[in-house]
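# Examining the three-dimensional arrangement
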Amino acid sequence: MSQEISNLGEMEGEVYWPAPEVTAAAHVKEYEALYKQSLEDPEGFWAERAEELEWYEKWDEVLDDSDAPFFKWFVGGKTNIVHNALDRHLTTYRRNKLALIWIGEPGEHRTFSYFALNRNVSRFANVLKSMGVKKGDIVTIYLPRIPEQMFAMLACAKIGAAHSVVYGGFSVESLAERVEDAQSHVLITADGGWLRGKIVPLKDIADEAMARQPTIESCIVVRRTCQDVYMEPGRDYWYDDLVGLPIANTKCATEPMDAEDTLFVLYTSGTTGRPKGVVHTHGGYMVFTHTTLKYVFDIRDEDRWWCAADPGWITGHSYIVYGPLLLGATSFMYEGAPNYPYPNRWWQMIEKYGISILYTAPTAIRGLMRFGEAWPNRHDLSSLRLLGTVGEPINPEAWRWYHTVIGKERCPIMDTWWQTETGGFMITPLPITPLKPGSATRPFFGIEADVVDDDGQPVKEDEEGYLVIKTPWPGMLRTVYKDPDRYREQYWDKFETMYQTGDSARKDKDGYLWIIGRMDDVIKVSGYRLGTAEVESALVSHPDVSEAAAIGLPHELKGNAIHAYAILRDGLEGSDALAEELRNHVGHEIGPIAKPETITFVDTLPKTRSGKIMRRLLKARALGLPEGDISTLED
Ligand code: WT7
């Protein structure tokens, strides 16, 4: 191995070497050889990883690629992710170990051992069963960041139902269209959630969504903020009342599932139209989240792991709920805003609860960085061992601040690149990897990633191209819910045997990957994924707007911000007041994160002769850049 080490010594650019004590303690002590081996025999590699978990029945085949791109993993195997995330811990010392430490924004805290978590999940599962929820159903969950969010997800999985979690920051139309697509009969929500000292009125939003999509027969309401909410007799039930019923006892068998049975559907924004339901399974997703979290964040029993995302996004599904529980880890969860009531809220909690690993997004780091070092410096952050980031490229300035001010130059930063579709980390350092600020470094084991041109040929060193994945992996999405054609078109049609990520990237001389950004009409706003099409359709749902276009432009804190252009109906004139009304309308339909930064009233929009809006041109004009090829522009 000495040769590799000396090679690495000649690495290009700004490189941070892991401290010897970090390397010595890491689960994985060497990357190159294991990576090579994992690509030579991916099925062998993944089979070994799957052996680390429990199966009711072992699989017959690790990978079935006979119907590619509809890959199947651990075919014939029977398990349930909840068996591995909860049940199997209950007969070990982990029974009494904390699974979750939860802090509410107003300051309450609640903790759950694995034993207690299991009681809550089992009760909830029995309630769902009594409502007729069964295998094959999709339950929609629309909750704030509270423990019941975790209970609800696990309760569904335990009885073999799939969940569809809708982020609590989404609003009426986003919720309604997801309920409709999933044809959910049961909705789980709360009276409200706390954010920056204010109540987010989740039940009111849910009521409006249910009025638009009447498929919901039963709505379970968790009491969180305790204000009065409308409760429709025969449809709406308080969670507290239900789990107090004799039916809600704490014994509930975990349903054996086929490895390929659906665990959840999670809607995410795509290039066009409505969000698509990304489908993940019990078997492959379980193996993938377990392995990636174990190797990348090197989870140990004594760790206190804090993934500061929301369970409503894939980051929370994989690394707040499933991954940590599969590993028997202790997770920390905080309900509210990072700077509420003061910008030291996070740092104070890291000190008080002895957090050892913090995983967050560049936008949060930039947001906290702007308050200055004095806030973190008031706190003892020495419990931190590793740091992580996800969601968008991290600018080197934020990386260095995170590394120096938060990690005191001791904690390696895991910049993890992945997607809702990938289920878990795909391109990521390990604690032993030499780091370059702004690069997600190298692919995870079993993953072959490359940067290619339009014909699928690898581009030259340092040249920009399409980021593709050349190998199937257990955590990959299986399809788009109810729309296999869209799955094929979106991810496989362009390069056939390679998965198209939608991102552009470049690879440097050391084989390090640098993600540049989305190449499609997806915008990452503060790390949240939104589609221009959704913002546009929200705008045209306002009676005054006849046409609209949305684009993303660089923003110092948010990474990207949405800017919109609107053509008003005949005879109407734009004003600041109308622009504000439209912004609020988008907020009401999709959610506050989707509110455009600016709305410009225009008479026409640049379109191709076939009628497609040329967002690229709008963007170039807004940034004062050359307009590029405009031969397809209609007059
Ligand atoms: C898109 C996927 C999966 C976690 C949360 C986002 C961007 C994600 C990174 C990173 C640069 C990143 C990509 C990707 N992205 N992580 N470390 N560096 N870009 O999941 O909402 O499905 O978004 O987020 O553009 O395609 P998502």
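Description of the structure in this document. (Residues numbered from 1 in each chain as written. Predicted model: local features only at pLDDT ≥ 70, side-chain atom pairs only at ≥ 80, totals over all residues. Heavy atoms only, no water.)

### Remarks on the overall build of the protein chain
- Scanning the protein chain from terminus to terminus reveals 20 helices and 29 strands.
- In terms of C-alpha radius of gyration, the protein chain reaches 24 Å, essentially the compact-globule figure of 26 Å for 635 residues.
- Its C-alpha atoms put the protein chain at 70 × 70 × 60 Å along the principal axes.
- Contacts spanning at least 24 positions in sequence make up 71% of the contacts within the protein chain whose residues lie at least 6 apart. (Helix = DSSP H or I, 4+ residues; strand = E, 2+ residues; numbered from the N terminus. Rg over C-alpha atoms; globule rule 2.2 N^0.38 Å. Contact = heavy atoms within 4.5 Å.)

### So, helix H17 (residues 484-491)
- Every buried residue of H17 is accounted for by Arg486, Tyr487, Gln490 and Tyr491. Taken down its axis, H17 places every buried residue within 105° of arc, on the same side. Exposed residues pointing more than 90 degrees away from the buried face of H17 are listed as Asp485 and Glu489.
- Buried-residue contacts for H17 involve strand S15 (276-281) and strand S23 (499-507). (Buried < 20%, exposed > 50% of the residue type's maximum accessible area, 1.4 Å probe, protein only. Arc of directions from axis to C-beta.)

### What about a negative patch on the surface?
- Taken together, the side chains of Asp41, Glu43, Glu57, Asp60, Glu61 and Asp65 make up a negatively charged region of the molecular surface.
- Within the secondary structure layout, glutamate 61 lies in strand S1 (residues 61-64).
- Taking the relative accessible area as the measure of exposure, glutamate 61 reaches 35% and is therefore partly exposed. (Patch = residues over 30% accessible without salt bridge, like charges linked within 9 Å, V, L, I, M, F, W, Y side chains within 5 Å. Areas by Shrake-Rupley, 256 points an atom, 1.4 Å probe, with all protein chains shown as cover. Salt bridge = Lys/Arg side-chain N within 4 Å of Asp/Glu carboxyl O. Lys, Arg positive; Asp, Glu negative; His and termini not counted. Charge placed at Lys NZ, Arg CZ, Asp CG, Glu CD.)

### Describing the sheet that holds strand S16 (residues 304-307)
- Judged by pairing direction, the sheet is mixed, and its seven strands sit side by side in the order S5-S4-S17-S16-S18-S19-S20 without closing on themselves. Only two strands of the sheet have a single partner each, and these edge strands are strand S5 (109-113) and strand S20 (413-415). On average, each strand axis in the sheet is tilted by 15° relative to the strand beside it, whichever way the strands run.
- Across three bridges, the pairing between S16 and strand S18 (residues 357-360) is parallel. Looking at S18, one finds that tryptophan 305 is bridged to isoleucine 357. (Pairing = 2+ DSSP bridges. Axes fitted to C-alpha atoms, helices over the stretch in contact; angles between N-to-C directions.)

### Some details on the sheet that holds strand S28 (residues 559-568)
- Pairing within the open sheet is mixed, and its three strands lie in the order S27-S28-S29. Two strands close off the open sheet at either side, each with one partner strand: strand S27 (545-555) and strand S29 (598-601). Strand-to-strand twist of the sheet, defined as the mean angle between neighbouring strand axes without regard to direction, takes the value 25°.
- As judged from the four bridges shared by S28 and S29, these two strands associate in the parallel manner. Within S29, the residue paired with alanine 566 across the bridge is phenylalanine 601.
- Strands S27, S28 and S29 of the sheet are contacted by helix H18 (residues 532-540), whose axis makes an angle of about 140° with S27.
- Its contacts with the sheet put helix H20 (residues 615-623) on S27 and S28, and the angle it makes with S27 is roughly 55°.

### Considering the packing of aromatic side chains
- Summed over the entire model, instances satisfying the criterion amount to 46 aromatic pairs.
- Seen from their ring centres, phenylalanine 332 and tyrosine 353 are 5.3 Å apart, and the 40° between their planes marks the pair as tilted. Note that phenylalanine 332 is positioned in strand S17 (residues 330-334) and tyrosine 353 in helix H13 (residues 345-353), a separation of 21 residues in sequence. Accessibility classification places phenylalanine 332 together with tyrosine 353 in one group, the buried group.
- Lying across the ring of tryptophan 59, lysine 58 places its NZ or CZ 5.1 Å from the centre.
- Here the basic side chain of lysine 436 rests over the ring of tyrosine 512, its NZ or CZ set 4.8 Å away from the ring centre. (Phe/Tyr/Trp six-rings, centres within 6.5 Å; stacked < 30°, edge-to-face > 60°. Lys NZ or Arg CZ within 6 Å of the ring centre and 35° of its normal.)

### Comments concerning the environment of methionine 498
- As for its position among the elements, methionine 498 is in the loop between H17 and S23.
- Considering only alpha carbons, one finds methionine 498 and isoleucine 394, 104 residues apart in sequence, at a separation of 26 Å.
- Excluding its chain neighbours within four sequence positions, the residues that come into contact with methionine 498 are Val452, Gly456, Val468, Ile469, Lys470, Tyr491 and Trp492.

### Points about the site of the ligand
- Taken together, 17 residues are adjacent to the ligand, and Asp415, Thr416, Thr420, Lys524 and Arg529 come closest.
- Between the ligand and the protein, one listed contact pairs a nitrogen atom with a backbone N or O atom of threonine 416 at 2.8 Å.
- A total of 550 Å² of accessible area belongs to the ligand in isolation, and the protein chains cover 97% of it.
- The set of elements that each furnish at least two residues to the shell around the ligand consists of helix H12 (314-326) and strand S24 (513-518).
- A per-class count over the shell around the ligand returns six nonpolar, five polar and six charged. (Near = heavy atom within 4 Å. Polar contact = N/O pair within 3.5 Å; in protein donor to acceptor, adjacent residues only side chain to side chain. Nonpolar A, V, L, I, M, F, W, Y, C, P; charged D, E, K, R; others polar.)

### Quick word on the pairing of S28
- Along S28, nine of the 10 residues are buried, which leaves the element largely enclosed by surrounding structure.
- Relative to S28, S27 runs antiparallel, the two sharing 10 bridges. If you follow histidine 555 over to S28, its bridge partner there is glycine 559.
- Hairpin connection, S27 to S28: the antiparallel pair is bridged by three residues.

### Looking at unusual backbone geometry
- Cis peptide bonds are those with omega within 30 degrees of zero, and the linkage from alanine 68 to proline 69 qualifies with 5°.
- Tracing the chain through its elements places proline 69 in the loop between S1 and strand S2 (72-75).
- Put simply, tyrosine 340 and proline 341 share a cis peptide bond, and its omega is 0°.
- For phenylalanine 74, which is not a glycine, the phi torsion comes out positive at approximately 55°.
- Summarising the element assignment, phenylalanine 74 is placed in strand S2.
- Residue classification places phenylalanine 74 among the buried positions, given a relative accessible area of 0%.

### Considerations on the packing of helix H4 (residues 42-51) against helix H11 (residues 283-296)
- Interaxial distance between H4 and H11 falls to 9 Å at its minimum, and their mutual angle equals 90°. One finds that H4 runs roughly perpendicular with respect to H11. Only Val287, Phe288, Thr291 and Tyr295 of H11 make contact with H4, whose side of the interface consists of Phe45, Trp46, Arg49 and Ala50. (Parallel < 35°, antiparallel > 145°, perpendicular 65-115°, else oblique.)

### Here's the deal with the side chain of threonine 281
- Counting through the fold element by element, threonine 281 comes out in strand S15.
- With relative accessibility at 2%, the residue threonine 281 sits in the buried group.
- Within the local environment of threonine 281, its side chain forms a polar contact with the side chain of arginine 478, the two groups lying 3.4 Å apart.
- The residues touching threonine 281, leaving out its near neighbours within four places in the chain, are Ala259, Glu260, Asp261, Thr262, Leu263, Met286 and Arg478.

### Brief notes about H18
- Counting buried residues along H18, seven of its nine residues qualify, which places the element largely inside the surrounding structure.
- All buried positions along H18 are accounted for by Thr532, Ala533, Glu534, Val535, Glu536, Ala538 and Leu539.

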